[in-house]
Amino acid sequence: MKTAGKILGRILIVVLALALIAGAGGFYYFKSYLPTTVAPQSFPQIDGEIQLDGLNGEVNIYRDAMGIPHIYADTSHDLFFAQGYIHAQDRFWQMDAWRHIGSGELSEMFGEGQVETDAFLRTLGWRKTAEAEWEGLNEETRSMLQAYADGVNAYLADHHDTAVSLEYAVLGLLSPDYEIEPWEPVHSLTWGKAMAWDLRGNMGEEIERAELLKVLTPEQVAVLFPEYPQDHPVIVNEIPAKGQTLNTQPNLGLVTFDYASALSATSYNASLLDPVLGELGDGIGSNSWAVSGELTDTGMPYLVNDPHLGIQMPSIWYQIGLHCIEKSDACPFNVAGFSFASVPGVVIGHNDRIAWGFTNVGPDVMDLYIEKVNPENPNQYEFNGEWLEFESYEETINIVGGEPVTITVRKTRHGPVISETYGPARDNNPEAEYPAFKDRVDGVELPEQYVVALAWTALTPSSPFEAIWGFDRAQNFEEFREAAKDFHVPAQNLLYADVDGNIGYQMPGDVPIRKNGDGTLPVPGWTDEYDWEGFIPFEELPYTFNPEEGYIVTANNQVNPWDYPYLITKDWDYGYRAQRIVDMIESAPGKIDKEYMQFMHGDGTDLNAQSIIPAWDEIKYSAANDNEAHALDLMQNWDTTCNADSKECAVFQYFWWNLAQNTFNDDLPEKNWVSGGSQNFETFRILLPQPDHFFWDDKSTADVTETRNDIYIASLKETVTQLEDQYGKDPATWPHWGELHTATFKNSTLGESGVFLIEDLFNRGPFETGGGQSLVNATGWDIGNGFYVDWLPSMRMIVDLGDLNNSLTVHTTGQSGHAYHPHYIDMAPLWSTVKYYPMWWEQESIINDAEGHLVLKP
């Protein structure tokens, strides 16, 4: 989660003024006084006793050597009360920012620069949906959320401002009147909506296809969005359930519409959330695999997971153990793993019987509908020949240091209207940045006035956390699957293993069944022709249990077998990571142990390079100089592994960047389509055997028709020139991959202010890393932006079902959210080198490793 500099525009002015007025005193304030005097005020108490109103009994909290708390309580109420208290101790700034995002209230923290973002968040209605979810929860779940909220508020009762977190000292420069408000249970539920957006599916691809069809033929666009490769693995090879055959013909209804204005506004509005939630990159996803005891050294399964999310500070994950002292129906929790600071329970991890991990399915659960607006009454839209009234309501956005802004949210029968922007309306405004279309195209009568509405399953009340709390309690695969029925959105690949030696998989989620179309393009909303008819029944969603292969691999690749009758999505990850994981399992040199699992986690083999480099053998190029020959030799004699110390990888990634841009940038709209991930991998795999393909020709050279060979040679020359200009003509001075590919962990809200005094308080790095985009060690980067890491394995976990106490893990930064705390960045050196620490389970091991023992008393 990142925040753009505009959030801190006013802080920049204040800080610069302070620095100019105070001179050396201002520098001292940021570089010495805040780190040494103010920061420690928020460090948590980890020893001794604290008496709290609201507890029923004594709670013991042991923090191990990595600062990870393990909570022991007699009742579920006290367990989750204590979790709320501990989350607030370590991460309340993160929690405060997340709840303002989820409720569309960023302007209350950061001022008028966030009004546009808040307006879009209010339009999506996450807070309203979460409030409806709260009303529908059963009493047990409500009690859990309320106990958690009470624990958070117990901490806030006697901690204020900088005693809560250092960030509030900086926020005070911008918003001196800002006051921390009590935590509400609905704040926990809004974060489920934020995660659903972060893992949202293919809305961006819908818009991209529509934009590309303005300049390319459908056949050319199909090369850029290829089908999932049939030589790459699917997750489930066979499903016992049978469903009906459905119409999944491509959307054709709007292919010729010049509706770029509405889509540009829609895309712009969606991009407003990128600074606060991160962009949906090609590699946002995850790896997980489970291996049965038939293949392991212990004779019992291993379950491995590493979710890939945007780089941030602190880590998105908060590791924790939650233990009922005596497990019973009244207190059924005995679980350890990774939580979100703001939500009770454990999201990913294991209990005393089962372990589970997540990767994103990425089903197509979002559709964009072009809605006809009545030219004579802008409060109406057309449906099946009749004019219907927009559902509308007002939202008031409160602005710290400013006057409130009132907006009007409009909804159609499909969902909220998301093409409108606030301030000057852009729909059908010829003076706006995105003027409306007014033409007829290919004889199709286009709407005189229109808006774009979003249908999205996350806008129907349902919380993924109900399923997660079910996983925390589940004792076998049947109970795990039963809990999965409540996992509506964002649909995750649910990997499973247990202490009885079983492995399993379940895909959950509400996946729409469409009357027509395949969800790849926006569709007309003025009839019911493209409406949803329901969802794939849970009993017919893909699952498997103890497959004959002896392993299950999920890496955002295609879930379903090829004869599956339902459409889940046309926009899978293309399976390069999945293929490499399968290859490593099947080629293991003997029984698989934890050390081999660690090796797999850190694997930097670039399957794209294995496709790209062999083409040089056909080109038979004679290098023009020694450095060209050296660069070519490095690539052709490379083992295609992107370790941090590899110069060969560095040269290849420069070449890949240039090859991708030289191939496509002359053919595509100004927006940079090439990111360098698995989608591009597969496109090049299609193009490489066709040296005269349309895309190889450089359209900027009117008198020459370039071929693959020409583009390869030009890209090599460009690569060598760049390396010489940036690092020198001596190849010995050229960088290794880790020098280029570094991870800098930036504070999720204050870390990109553009003011070094603030950034230095909270940001940490750079750390050299190996891996790369769409590799198993998925440290992502983007062509056109830089080689730096922008998304990553947000944690790594290896669960040993033969002995849970022997499990291993690591996450990215540290357990603490407090800058300058010893556990603020102590995990990063381990993470960057793919090392681990113990994931303690047995209480004796926890106590022996404990650095603190805190007792909470009523």
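See above for the structure.
Rules behind the numbers
Residues numbered from 1 in each chain as written. Predicted model: local features only at pLDDT ≥ 70, side-chain atom pairs only at ≥ 80, totals over all residues. Heavy atoms only, no water. Buried < 20%, exposed > 50% of the residue type's maximum accessible area, 1.4 Å probe, protein only. Helix = DSSP H or I, 4+ residues; strand = E, 2+ residues; numbered from the N terminus. Arc of directions from axis to C-beta. Contact = heavy atoms within 4.5 Å. Salt bridge = Lys/Arg side-chain N within 4 Å of Asp/Glu carboxyl O. Disulfide = S-S within 2.5 Å. Axes fitted to C-alpha atoms, helices over the stretch in contact; angles between N-to-C directions. Parallel < 35°, antiparallel > 145°, perpendicular 65-115°, else oblique. Nonpolar A, V, L, I, M, F, W, Y, C, P; charged D, E, K, R; others polar. Pairing = 2+ DSSP bridges. Patch = residues over 30% accessible without salt bridge, like charges linked within 9 Å, V, L, I, M, F, W, Y side chains within 5 Å. Areas by Shrake-Rupley, 256 points an atom, 1.4 Å probe, with all protein chains shown as cover. Lys, Arg positive; Asp, Glu negative; His and termini not counted. Charge placed at Lys NZ, Arg CZ, Asp CG, Glu CD.

Observations concerning helix 15 (residues 477–484)
What helix 15 keeps buried is the set Phe 477, Phe 480, Arg 481, Ala 483 and Ala 484. Buried residues in helix 15, looked at end-on, bunch into an arc of 160°, giving them a common side. The secondary structure elements touched by the buried residues of helix 15 are strand 9 (354–360), helix 14 (464–473), strand 16 (492–498), strand 17 (503–506) and strand 21 (543–545).

A word on the pattern of salt bridges
By the definition in use, this model includes 29 salt bridges. Linking Glu 58 and Lys 857 is a salt bridge whose minimum nitrogen-to-oxygen distance equals 3.9 Å. In this pair, Glu 58 sits in the loop between strand 1 (48–51) and strand 2 (59–63) while Lys 857 sits in strand 30 (residues 852–857), placing the two residues 799 residues apart along the sequence. Asp 96 serves as the salt-bridge partner of Arg 99, at 2.8 Å between the closest nitrogen and oxygen. Of this pair, Arg 99 and Asp 96 both sit in helix 3 (residues 76–102), three residues apart, which is roughly one turn of that helix. Since its relative accessible area comes to 0%, Asp 96 is described here as buried. Sharing partners across several salt bridges, the network here consists of Glu 49, Glu 58 and Lys 857.

What to know about the state of the cysteines
Using the criterion set out here, one finds two disulfides in the structure. Across the disulfide, Cys 324 is cross-linked to Cys 331 (sulfur-sulfur distance 2.0 Å). Here the S-S torsion is close to -85°, and the disulfide linking Cys 324 with Cys 331 is therefore left-handed. Here the bonded cysteines of the protein chain are numbered in sequence order, and their pairing is 1-2, 3-4.

Observations concerning the packing of helix 20 (residues 626–636) against helix 23 (residues 708–727)
Between helix 20 and helix 23, the least distance of the axes is 10 Å, while the angle of their chain directions is 105°. One element, helix 20, and the other, helix 23, form an angle in the roughly perpendicular class. For the pair helix 20 and helix 23, contact is made by Asn 627, Glu 628, Ala 631, Leu 632 and Met 635 and by Leu 716, Lys 717, Val 720 and Glu 724, respectively.

Describing the packing of helix 14 against helix 15
When two helices pack together, you describe them by how their axes are tilted relative to each other and by the distance separating the axes. Close contact between helix 14 and helix 15 brings their axes to 8 Å; oriented N to C, the two are set at 170°. One finds that helix 14 runs roughly antiparallel with respect to helix 15. Within the contact between the two elements, helix 14 uses Ala 467, Gly 470, Phe 471 and Arg 473 and helix 15 uses Glu 479, Phe 480, Ala 483 and Ala 484. The residue makeup of the contact of helix 14 with helix 15, split by class, is five nonpolar, one polar and two charged.

Some remarks on the sheet that holds strand 30
Backbone-to-backbone hydrogen bonds pair the strands of a sheet. The strands run either parallel or antiparallel. Ordered by their spatial adjacency, eleven strands build an open sheet running 1-30-2-3-6-7-8-9-16-17-21, and the pairing between neighbours is mixed. Lying at the two open borders of the sheet, with one neighbouring strand each, are strand 1 and strand 21. The sheet shows a mean angle of 15° between the axes of neighbouring strands, direction not considered. The pairing of strand 2 with strand 30 spans five bridges and is classified as antiparallel. Note that in strand 30 the partner of Val 59 across the bridge is Leu 856. On the sheet, helix 3 packs against strand 1, strand 2, strand 3 (69–73), strand 6 (318–324), strand 7 (334–339) and strand 30 and is oriented at approximately 160° with respect to strand 6. Sitting on the sheet, helix 15 touches strand 9, strand 16, strand 17 and strand 21, and the angle it makes with strand 16 is about 160°.

With respect to a negative patch on the surface
A contiguous patch of negative charge on the surface is contributed by Glu 238, Glu 548, Glu 549, Asp 563 and Glu 586. The topology assignment puts Glu 549 in the loop between strand 21 and strand 22 (551–554).

Digging into the pairing of strand 6
When you tally the buried positions in strand 6, you get seven out of seven residues, the bulk of the element. The pairing of strand 3 with strand 6 spans four bridges and is classified as parallel. Looking across to strand 6, one finds that Ile 71 is bridged to Leu 322. Judged from the six bridges that link them, strand 6 and strand 7 form a sheet pairing that is antiparallel. The residue bridging Ile 320 from the neighbouring strand is Gly 337, located in strand 7.

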